[in-house]
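Here's the letter readout for the chains.
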Amino acid sequence: MIANKHQFLGHIHSQFVDKAPHVLGLTLRCIPFNLKKQAIEQLLQLQFKHSLEDGDLDFLENRWLKIEVTDLQLTWFVSLIDNKLVVSREEIADVSFIGNANDLIMIATRRQDPDTLFFQRRLIVEGDTELGLYVKNLMDSIELDSMPKLLRLTLEKMANIIESAPKNTF
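So, how was this worked out
- In this convention, every chain numbers its residues from 1, walking through the sequence in written order.
- The model is predicted, so local features are restricted to residues of pLDDT at least 70 and side-chain atom pairs to those at 80 or more, both for listing and for counting; the totals for chains, interfaces and linings are taken over all residues.
- Note that water and hydrogens are dropped before the side-chain values are worked out from all heavy atoms of the structure.
- The axes are straight lines fitted to the C-alpha atoms, using for helices just the contacting stretch, and the angles between their N-to-C directions are given from 0 to 180°.
- Where helices and strands are cited, they refer to DSSP runs of H or I of at least four residues and of E of at least two residues respectively, numbered from the N terminus.
- An angle counts as roughly parallel when it lies under 35 degrees, as roughly antiparallel when it exceeds 145, as roughly perpendicular when it falls between 65 and 115, and as oblique in every other case.
- Left-handed describes a crossing in which the near helix is turned anticlockwise from the far one by less than a right angle; the clockwise case is right-handed.
- What makes two residues a contact is simply this: any of their non-hydrogen atoms within 4.5 Å.
- We call Asp, Glu, Lys and Arg charged. Ala, Val, Leu, Ile, Met, Phe, Trp, Tyr, Cys and Pro are nonpolar, and the rest, Gly among them, are polar.
- Side-chain atoms within 4.5 Å are what join buried Ala, Val, Leu, Ile, Met, Phe, Trp, Tyr and Cys residues into a set we call a nonpolar core.
- Per-residue accessibility, obtained with a 1.4 Å probe over protein chains only, is compared with the maximum for each type, and a residue is labelled buried under 20%, exposed over 50%, and partly exposed between these values.
- A pairing counts as a salt bridge when a side-chain nitrogen of Lys or Arg comes within 4 Å of a carboxyl oxygen of Asp or Glu.
- Patch members must show over 30% relative accessible area and no salt bridge, and they are joined within 9 Å when carrying like charges or within 5 Å when they are nonpolar side chains of Val, Leu, Ile, Met, Phe, Trp or Tyr.
- Surface accessibility follows the Shrake-Rupley procedure with a 1.4 Å probe radius. Residue values consider only the protein chains on display as shielding.
- A residue counts as positive if it is Lys or Arg and as negative if it is Asp or Glu; His and the chain ends are not included.
- One atom stands in for each charge, and that atom is NZ of Lys, CZ of Arg, CG of Asp or CD of Glu.
- By convention, a stacked pair of Phe, Tyr or Trp rings (six-membered ring in the case of Trp) has centres within 6.5 Å and planes under 30 degrees apart, an edge-to-face pair has planes over 60 apart, and any other such pair is tilted.

Visitor: Can you walk me through the packing of helix α4 (residues 101-108) against helix α7 (residues 149-164) in this structure?
Guide: Working note: a packed helix pair is described by the angle between its axes plus the distance between those axes. For the pair α4 and α7, interaxial distance at closest approach is 9 Å and the crossing angle is 120°. Here α7 runs oblique to α4, going by the angle between their axes. Considering only the axes of α4 and α7, their crossing is left-handed. Where α4 approaches α7, its residues N102, I105, M106 and A108 are matched on the opposing element by L155, M158, A159, I162 and E163. The residue inventory of the contact of α4 with α7, partitioned by class, reads 7 nonpolar, 1 polar and 1 charged.

Visitor: Please clarify how the nonpolar core should be interpreted in this entry.
Guide: Side chains that are nonpolar tend, in soluble globular proteins, to be buried together. By size, the foremost hydrophobic cluster in this structure holds 34 residues, and its most contacted members are L57, L60, W76 and L85. Of all the secondary structure elements, the ones that give two or more residues to this core are α2 (33-47), β1 (65-69), β2 (74-81), β3 (84-88), β4 (95-99), α4, α6 (129-141) and α7. Dropping the residues within four chain positions of it, W76 is found in contact with F33, I40, L65, K66, I67, V69, V87 and S88.

Visitor: Is there a simple way to think about the pattern of salt bridges in this case?
Guide: Pairing between side chains of opposite charge can happen when their charged atoms approach one another. Throughout the structure, instances matching the rule amount to 8 salt bridges. A salt bridge links D103 to R122; the shortest N-O distance between them is 2.6 Å. Pair noted here: D103 is in helix α4 and R122 is in the loop between α5 (114-119) and β5 (123-127), with a separation of 19 residues, a long-range link. Exposure remark for D103: the relative accessible area of 7% places this residue in the buried category.

Visitor: Could you clarify how one ought to interpret unusual backbone geometry in this entry?
Guide: The bulk of non-glycine residues show a negative phi, and the bulk of peptide bonds are trans. With phi around 55°, N62 is a residue other than glycine that occupies positive phi space. Even without a glycine there, the phi angle at R110 is positive, about 65°. When you line up the elements, R110 lands in the loop between α4 and α5. Among the residues examined, R110 registers a relative accessible area of 38% and is labelled partly exposed.

Visitor: For this particular structure, what's the right way to read a negative patch on the surface?
Guide: A contiguous patch of negative charge, built from D54, D56, D58, E61 and D82, is present on the exposed surface. By the secondary structure assignment, D82 is in the loop between β2 and β3.

Visitor: Which parts of the structure should I look at to understand the packing of aromatic side chains?
Guide: Think of a pair of aromatic rings as described by two things: how far the centres are apart, and how the planes are tilted against each other in angle. Going through the model one piece at a time under the given rule, you end up with 2 aromatic pairs. Judged by centre distance (5.1 Å) and plane angle (15°), the ring pair of F59 and Y134 falls under stacked. Pair noted here: F59 is in the loop between α3 (49-54) and β1 and Y134 is in helix α6, with a separation of 75 residues, a long-range link. A relative accessible area of 40% means that Y134 is categorised as partly exposed. An angle of 75° between the planes, with centres 5.3 Å apart, marks the rings of F118 and F119 as edge-to-face. Among the residues examined, F118 registers a relative accessible area of 36% and is labelled partly exposed. Take F119: its relative accessible area is 67%, and that puts it in the exposed class.

Below, the structure is given as structure tokens:
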């Protein structure tokens, strides 16, 4: 009986991890793009303040990085314009990073290696290979402790939930 209870709870946990991004995506699509744009830009400015000051993001000057979170059905574009990270709804991408929410959370928290996910075809990088490598190296250089505390704690909690989900229940 206990094994069945744990198996059942494991199944619910697994289903939650699988389905939560879809539900979150429905919610996020109801938020006007301009509000999401403001939030993303503020977060990027805060996260990359020192990188911007040091010129570490100059490779993105007037070039567009497309970020697509497939299961959330969210897409946005990021560029460096006048030494400020700018978010747009629609541009012609120089490079695209495409993945699902759970994998991107695991990359952000260093629990998954982007190269591994790329070779497993769970992270898709399209477009300018050199620019993609710069972006990947930038992602690799981000220290978790340098993230805004609320963002870091939220990502770590989500990663813990994702990581602890049983893989094959039932």
